[in-house]
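# A closer look at the structure
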Amino acid sequence: MPSKIGERIKKQRDSLGLSQAELAKVCGWPTASRLGNYELEVRKLSADDAEILARALNVTPAFLLFGDEAINVLNEFNYPVLQAEKLLKQSLDELLADEEIITAPSGTKAGNRAFWYEVMGHSMTAPLGMRPSFPEGILVLCDPDHTPDPGDFCLVKLISENEIAFKKFVKEDGRGWLEPLNTATRYQTIPQNDSALIIGKIVAAAWPNTLFA
């Protein structure tokens, strides 16, 4: 195992097939210079950035900072990967009962009914330099057994549009709202009501390993 923080970051990044620019984008950093400095160890890795990097690299902050191999939790838990089309046509319990369903690993332990969902579109891609950001193609782990609090992210079923949406849940003036992170005008905040049913709280995010196979 690499003995230096910069070496551990680079090795884990290489194992996922990510360039410095790609990893920086996942972290919500405007350029790759910060990451390059961390890998060259000309800049000390802060605790906050260790947490951001660890989430993007599917390891723990402790693994990056201290190199304890026992804390690398890349494959500790596995959850099914579900697509919007199936979520709209079948009940969640029916989908989870499928023995041939594809699964993906997670370093986060979630409920028994939790599942991964692949983000579609760009409504949750934050402006450059802002974090968090969820680009198209990233997986988010949805836990239906947990209700989101204001400020949490959630998966929602839009009844009228017959769509699955990924949004940020906020409350204002006693009402619930579902916000995008993308500030472009075509992405609108929508009210959370009987036409926008919350499926579950988002508890983790990660890039699918198949992208880098």
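First things first, this report covers the structure right here in the doc. (Residues numbered from 1 in each chain as written. Predicted model: local features only at pLDDT ≥ 70, side-chain atom pairs only at ≥ 80, totals over all residues. Heavy atoms only, no water.)

### Re the pairing of strand E1 (residues 77-82)
Put simply, side chains in a regular strand alternate between the two faces of the sheet. Counting buried positions along E1 yields five of six residues, so the element is predominantly enclosed. For E1 and strand E3 (residues 115-118), the ladder comprises two bridges, and the chain directions are parallel. Within E3, the position partnered with Val81 by the bridge is Trp116. (Buried < 20%, exposed > 50% of the residue type's maximum accessible area, 1.4 Å probe, protein only. Helix = DSSP H or I, 4+ residues; strand = E, 2+ residues; numbered from the N terminus. Pairing = 2+ DSSP bridges.)

### Looking at the pattern of salt bridges
Summed over the entire model, instances satisfying the criterion amount to nine salt bridges. Between Glu51 and Arg55 there is a salt bridge, with its nearest N and O atoms 3.4 Å apart. Of this pair, Glu51 and Arg55 both sit in helix H4 (residues 47-57), four residues apart, roughly one helical turn. Between Asp93 and Arg113 there is a salt bridge whose closest N-O contact spans 3.5 Å. One end of the pair, Asp93, is in helix H7 (residues 92-96); the other, Arg113, is in the loop between strand E2 (103-106) and E3, with 20 residues separating them in the sequence. Given a relative accessible area of 29%, Arg113 falls into the partly exposed group. (Salt bridge = Lys/Arg side-chain N within 4 Å of Asp/Glu carboxyl O.)

### What about the pairing of strand E9 (residues 196-206)?
Bridging between strand E4 (residues 139-143) and E9 involves five bridges; their strand directions are antiparallel. Bridged to Cys142 within E9 is Ile202. With five bridges joining them, strand E5 (residues 153-158) and E9 adopt antiparallel strand pairing. The residue of E9 that forms the bridge with Val156 is Ile198.

### Let's talk about helix H1 (residues 5-15)
Buried within H1 are the following residues: Gly6, Arg8, Ile9, Gln12 and Arg13. Down the axis, H1 shows its buried residues gathered within 165° of arc, on one side only. Contact partners of the buried residues in H1: helix H2 (20-27), helix H3 (33-40), H4 and helix H5 (61-66). Residue Gly17 follows H1 closely and has a positive phi angle near 75°. (Arc of directions from axis to C-beta. Contact = heavy atoms within 4.5 Å.)

### Some remarks on the packing of H2 against H4
Closest axis-to-axis distance for the H2/H4 pair is 9 Å, and the angle between their directions is 115°. In this view, H2 runs roughly perpendicular relative to H4, as classed from their interaxial angle. The two elements H2 and H4 cross, and the hand of that crossing is right-handed. Facing H2, whose interface residues are Leu23, Val26 and Cys27, H4 presents Ile52, Leu53, Ala56 and Leu57. A per-class count over the contact of H2 with H4 returns seven nonpolar, no polar and no charged. (Axes fitted to C-alpha atoms, helices over the stretch in contact; angles between N-to-C directions. Parallel < 35°, antiparallel > 145°, perpendicular 65-115°, else oblique. Left-handed = near helix turned anticlockwise from the far one by under 90°. Nonpolar A, V, L, I, M, F, W, Y, C, P; charged D, E, K, R; others polar.)

### As for the sheet that holds E4
Pairing is mixed across the open sheet formed by nine strands, whose spatial order is E2-E1-E3-E4-E9-E5-E6-E7-E8. A single partner strand is all that each edge strand has here, and the edge strands are E2 and strand E8 (190-191). Strand direction decides the pairing type here: strand E6 (residues 163-172) and strand E7 (residues 175-179), joined by five bridges, are antiparallel. Paired with Glu172 across the bridge in E7 is Arg175.

### Concerning the environment of Thr185
Turning to its location among the elements, Thr185 is positioned in the loop between E7 and E8. Judged by relative accessible area, Thr185 falls into the exposed class, the value being 71%. Measuring from C-alpha to C-alpha, the distance between Thr185 and Lys25 comes to 22 Å, with 160 residues separating the pair along the chain.

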